[in-house]
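# Observations on chain architecture
As a plain string of letters, each chain reads:
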Amino acid sequence: MSSNVETAPVANKAAGPAVTDSTLRTAKTRAHALSVTKDLHKGGASDEVAIRFDHVTKTYDLYKHDYGRFLGLFNIKRKKLGYMGSVNANDDLSFEIKRGEAVAFLGLNGAGKSTALKMITGVTYPTKGTIEVNGRVSALLELSAGFDRMLTGRENIRLRGQIIGLSDEELAEVEPKAIEFADLGVFIDQPMRSYSSGMRARLGFALSVSTNPEILVVDEALSVGDRAFKKKCIERIREIMMDENVTVLFVTHSTTTAQEFCNRGIVLDHGRKVFEGDMDEAMAFYQKHF
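Residues numbered from 1 in each chain as written. Predicted model: local features only at pLDDT ≥ 70, side-chain atom pairs only at ≥ 80, totals over all residues. Heavy atoms only, no water.

### As for the sheet that holds strand E2 (residues 83–98)
What links the strands of a sheet is backbone hydrogen bonding, and the strands pair in either a parallel or an antiparallel sense. Spelled out, the test is: A pair of strands is treated as paired once DSSP finds two or more bridges between them. Runs of E in the DSSP output that reach at least two residues are strands. Runs of H or I that reach at least four are helices, and both are numbered from the N terminus. In this description, a line fitted to the C-alpha atoms serves as the axis of each element, helices being fitted only across the stretch in contact, and the angle between N-to-C directions of two axes falls anywhere from 0 to 180 degrees. We call two residues in contact when some of their heavy atoms are within 4.5 Å.
Strand order across the open sheet formed by three strands is E2-E1-E4, with antiparallel pairing between neighbours. Taken across any chain shown, the strands that pair with only one partner, and hence form the sheet edges, are E2 and strand E4 (128–133). Each adjacent strand pair in this sheet contributes to an overall mean axis angle of 25 degrees, direction not counted. Relative to E4, strand E1 (residues 49–63) is paired through five bridges, and the arrangement is antiparallel. Counted as the bridge partner of Phe53 is Ile131 from E4. Against the sheet, helix H3 (residues 113–121) engages E1, E2 and E4, with an angle of about 115 degrees to E1.

### As for the packing of helix H4 (residues 153–163) against helix H6 (residues 197–209)
Let me state the cut-off plainly: Roughly parallel refers to an angle under 35 degrees, roughly antiparallel to one over 145, roughly perpendicular to one between 65 and 115, and oblique to any angle outside these ranges. Crossing chirality is assigned from the near helix's rotation relative to the far helix, an anticlockwise turn below a right angle marking it left-handed and a clockwise turn marking it right-handed.
Remark: H4 packs on H6, axes separated minimally by 11 Å, with the N-to-C direction vectors making an angle of 40 degrees. One element, H4, and the other, H6, form an angle in the oblique class. The two elements H4 and H6 meet at a crossing, and its hand is right-handed. Contacts from Gly153, Ile157 and Arg160 of H4 reach H6 at Leu203, Leu207 and Ser208.

### Here's the deal with unusual backbone geometry
Of note in the backbone geometry, Asp183 takes a positive phi value of approximately 55 degrees without being a glycine. The topology assignment puts Asp183 in the loop between helix H5 (168–182) and H6.

### What to know about the side chain of Glu175
Definition in use: For the purposes of these results, a polar contact is taken to be a pair of N or O atoms within 3.5 Å, where, inside protein, one atom must be able to donate a hydrogen and its partner to accept one; residues adjacent in sequence count only when each atom of the pair is a side-chain atom.
Along the chain, Glu175 falls in helix H5. Here Arg154 takes part through its side chain, which lies 3.2 Å from a polar atom of the side chain of Glu175. Apart from the residues lying within four places of it in its own chain, the contact partners of Glu175 are Arg154, Ile157 and Arg158.

### So, H5
Applicable threshold: A helix is expected to span 1.5 Å for every residue after the first. Between buried and exposed lies partly exposed: a residue is buried under 20% and exposed over 50% of the maximum accessible area for its type, with that area taken using a 1.4 Å probe on protein chains only.
Along its 15 residues, H5 runs 21 Å from first to last C-alpha, staying within 8% of the 21 Å computed at 1.5 Å per residue. Taken together, the buried positions of H5 are occupied by Leu171, Val174, Glu175, Ala178, Phe181 and Ala182. Buried residues along H5 sit in contact with H4, H6 and helix H7 (227–241). Phi for Asp183, located one or two positions after H5, is positive at around 55 degrees.

### Some remarks on the packing of aromatic side chains
Short version of the rule: The rule is short: rings of Phe, Tyr and Trp, with Trp giving its six-membered ring, pair when the centres are within 6.5 Å, and they are stacked under 30 degrees, edge-to-face over 60, tilted in between. In this scheme, the term charge over a ring applies when either NZ of a lysine or CZ of an arginine sits within 6 Å of the ring centre and within 35 degrees of the ring normal.
Taken as a whole, this structure holds eight aromatic pairs when the rule is applied. Relative to Phe74, the ring of Phe70 lies with its centre 5.3 Å away and its plane at 75 degrees, an arrangement referred to as edge-to-face. For Phe70, a relative accessible area of 45% puts it in the partly exposed group. Assessed through its relative accessible area of 53%, Phe74 is described here as exposed. Taken together, Phe53, Phe95 and Phe105 form an aromatic cluster joined through their ring pairs. Above the ring of Phe181, the side-chain terminus of Lys232 is found at 4.6 Å from the ring centroid.

Now the structure itself:
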């Protein structure tokens, strides 16, 4: 945004003090600051659909013990055998997200945010309804999941890359980036059984942010190690989020972070969508009702 500040004529005593060069510089500085603040909001969404939920319901059956859970595999659901009923983590959930949008999912713990994101990433599947996902998904959720403890860090990068469908050329590009970002030193060539939980999380994060995702799923409650590395992670997340070609789904309880980066908000309560709209309106709804 450009600022057009015109030089005012020298005023007489009746009109007030003259506009000086210092005043003009101050006005330009304020206009530039306003422009920067406005540009922080992610924009540039296209008409192409990145994610679509169409009347999606995810139901979990509850059991008192493993024996009842085993019988449930054969659709034997009897209370005297340990079946306790079912719960809908997501209930008739419908929404559409365009490519390039940044959308915040808001809601209390247990509202169904994580379940929706897990279905987007393919970790779990809907009981009813349909989900459409167009683009490579990178999820910053369970960072250390999917690693083989017997393989080295370098070998796990290649394994995870193959699992998410990277070509040999893409993997050759991603591997050095992930190794540099994780900054594990000589441990990158050691079996992951020797890694601490923090080291596994560092490698998982490094791989997730090095794959040039088309859809980025971020859980703000993410814990990725020491203060210096966490700062490095946040800076990388912000860099990806401001890319207008990347669709971002952001789970957060922070009103400041959500309003800074996201242009739309979806509020969930007990698995159902209770509000969807502009980020400021969504935040106002969330603060009023929760």
